[in-house]
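Commentary on secondary and tertiary structure
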Amino acid sequence: MLGKTANGLFWMYRLLERAEHTGRLIETGQRLALTRLNDPDAEWRPVLQSAAVLQAYLANNETVTREAVIDWLLRSRDNPGSVLRCIEQARMNARLVRTALTGDVWEAMNASYMQARAALARKVGERDLPRVLGALRQQTALVRGMTQGTMMRDEIYEFARLGTYVERADNTARILDVKYYVLLPSTLAVGSSIDNVQWEGVLQSLSAKGGFRMHYGSNPAPREITHFLMLDKRMPRSLAFCTDKIRENLTYLNRGNREPSAALRLVCQIEQQYLSHDVDRIFEFGLHEMIIELLGAFATLARQIETDYRFHE
């Protein structure tokens, strides 16, 4: 496969996942803002930090307010990570690799683009926000579903799934970090009703509340939730699940080679170094500190994939 085709597939699915994640971040900010009735706008600066767009936002806006942050994250042309810009860029990549996609996948991608343009043509009011975010999430899920149901299991499919899981791992780590390190008012709040509400909000934002309750019960505890979102390979948005799938994708792409690729060695190292311990070891090390290291490791892994498969040739 040509490097440019692999690159287009990888980034098409990364950008789709990023668009969905940004919507989930907005939902996280909304839910967690309800736990601070005195200054709900204060919750939105950490959301911008998690999305890695705080400095760009401040360069274009004087103050951090709920309305301005949501509009920036949803539809701003000045924010390359906004939902609208991500979906537009995903469609652009899809056009570049049109012959590598099935008709069903292309039609689903095109429908996602058209719906996003229509829904985000103007500012989204608070009353309409849940409906708009839900519809956008359904559209990105439709693209993934068509991919799962109609694509051949070959190199094209593996690069598509690589993009999805590399981005998803990064996103789950960021949402975890928003809750534990940035949004917690103080160490005195650990174990309080505010702490529990915030952790439950994290589960909801990752569509993980139902699965967690089925296996852990209805009373969320920080260690159990952290285990679920980091180490439980049954949970499709957990870090362990994503890295396991990345390793499977890279193993397929590496078949026939005598030695594992640098990217394959790196993902195995990430699994061994960060995701093979129990949750108590994670808390002893420091959840925030481990998340920061993992974010750096996932970024390095993405760059190594691009290097190994010569995306820019």
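Above this text sits the structure in question.
Quick look at the structure, then. (Residues numbered from 1 in each chain as written. Predicted model: local features only at pLDDT ≥ 70, side-chain atom pairs only at ≥ 80, totals over all residues. Heavy atoms only, no water.)

1. Brief notes about the overall build of the chain
This is how the line gets drawn: Labels follow the DSSP assignment, with helices taken as runs of H or I lasting at least four residues and strands as runs of E lasting at least two, numbered in each case from the N terminus. As defined in this context, the radius of gyration uses C-alpha atoms, and a globule is described by 2.2 Å times the residue total to the power 0.38. Here's how the labels work: a residue is buried when its accessible area is under 20% of the maximum for its type, exposed when over 50%, partly exposed in between, all with a 1.4 Å probe on protein chains only. Contact between two residues is taken to exist if any of their heavy atoms lie within 4.5 Å; hydrogens are not considered.
Looking only at helices and strands, one finds 15 helices and zero strands in the chain. By the compact-globule yardstick of 20 Å for 313 residues, the chain fits well, its C-alpha radius of gyration being 19 Å. Based on the C-alpha atoms only, the size of the chain along its principal axes is roughly 55 × 45 × 40 Å. Taken over 313 residues, the chain has a buried fraction of 53%. For the chain, contacts bridging at least 24 residues in sequence account for 65% of all contacts bridging at least 6.

2. What about the state of the cysteines?
Stated formally: The rule for a disulfide is simple: a pair of cysteine sulfur atoms within 2.5 Å.
Applying the stated rule across the entire model yields zero disulfides. Of the cysteine sulfurs around Cys242, a residue in no disulfide, the closest is that of Cys268, at 16 Å.

3. Details of the side chain of Ser261
Note the following rule: Between N or O atoms, a polar contact is any pair within 3.5 Å; within protein, one atom must be a potential hydrogen donor and the other a potential acceptor, and residues adjacent in sequence are included only when both atoms are from side chains.
Summarising the element assignment, Ser261 is placed in the loop between helix 12 (239-253) and helix 13 (262-274). Here the side chain of Ser261 touches Leu264 through a polar contact of 3.1 Å, landing on its backbone nitrogen. Every residue in contact with Ser261, bar those within four places of it in the chain, is listed here: Asn254, Asp308 and Tyr309.

4. Quick look at the side chain of Glu27
Looking at where Glu27 falls in the secondary structure, it is placed in helix 1 (residues 3-33). Of the polar contacts made by the side chain of Glu27, one reaches the side chain of Arg137; its length is 3.2 Å. Leaving out residues up to four positions away in the same chain, Glu27 has contacts with Leu133, Arg137 and Ser205.

5. Some words on the environment of Glu158
Residue position: Glu158 is located in helix 8 (residues 155-183). Since its relative accessible area comes to 8%, Glu158 is described here as buried.

6. Some points on the pattern of salt bridges
This is how it is decided: We count a salt bridge whenever a side-chain nitrogen from Lys or Arg sits within 4 Å of a carboxyl oxygen from Asp or Glu.
Applying the stated rule across the entire model yields 21 salt bridges. One salt bridge in this structure joins Glu20 and Arg144, with 2.8 Å as the shortest N-O distance. In this pair, Glu20 is assigned in helix 1 and Arg144 in helix 7 (residues 129-150), connecting sequence segments 124 residues apart. The buried category is assigned to Glu20, whose relative accessible area is 5%. A relative accessible area of 19% places Arg144 in the buried class. The shortest N-O distance in the salt bridge between Arg247 and Glu271 comes to 2.8 Å. Of this pair, Arg247 sits in helix 12 while Glu271 sits in helix 13, placing them 24 residues apart in sequence.

7. Looking at the packing of aromatic side chains
Note the following rule: Between rings of Phe, Tyr and Trp, where Trp is taken as its six-membered ring, a pair exists when centres lie within 6.5 Å; planes separated by under 30 degrees are stacked, by over 60 edge-to-face, and by other angles tilted. Think of it as a cone above the ring: NZ of Lys or CZ of Arg counts as a charge over the ring if it is within 6 Å of the ring centre and within 35 degrees of the ring normal.
A complete count under the given rule lists nine aromatic pairs for this structure. When the centroid spacing of 5.3 Å and the interplanar angle of 85° are considered together, the rings of Phe159 and Tyr309 count as edge-to-face. Residue Phe159 is located in helix 8, and its partner Tyr309 is located in the segment after helix 15 (287-308); the two are separated by 150 residues in the primary sequence. The exposure class of Phe159 is buried, given its relative accessible area of 3%. Look at Tyr309 and you get buried, because its relative accessible area is 17%. The rings of Phe10, Trp11, Phe159, Tyr309 and Phe311 are connected pair by pair, giving a single aromatic cluster. Just above the ring of Phe283 sits the side chain of Arg223; from NZ or CZ to the centre is 4.4 Å. Between the NZ or CZ atom of Arg255 and the centre of the ring of Tyr252, over which it lies, the distance is 4.1 Å.

8. Remarks on unusual backbone geometry
Backbone geometry follows two general trends: most residues other than glycine have a negative phi, and most peptide bonds adopt the trans configuration. Despite not being glycine, Ala52 has its phi angle at roughly 60°, a positive value. Inspection of the secondary structure puts Ala52 in the loop between helix 2 (44-50) and helix 3 (54-60). Here the phi dihedral of Arg310 falls at roughly 50°; this positive angle occurs in a residue that is not glycine. Here Arg310 is to be found in the segment after helix 15. Accessibility expressed as a relative area gives 48% for Arg310, which makes it partly exposed.

Nothing here speaks to function; it is all geometry.
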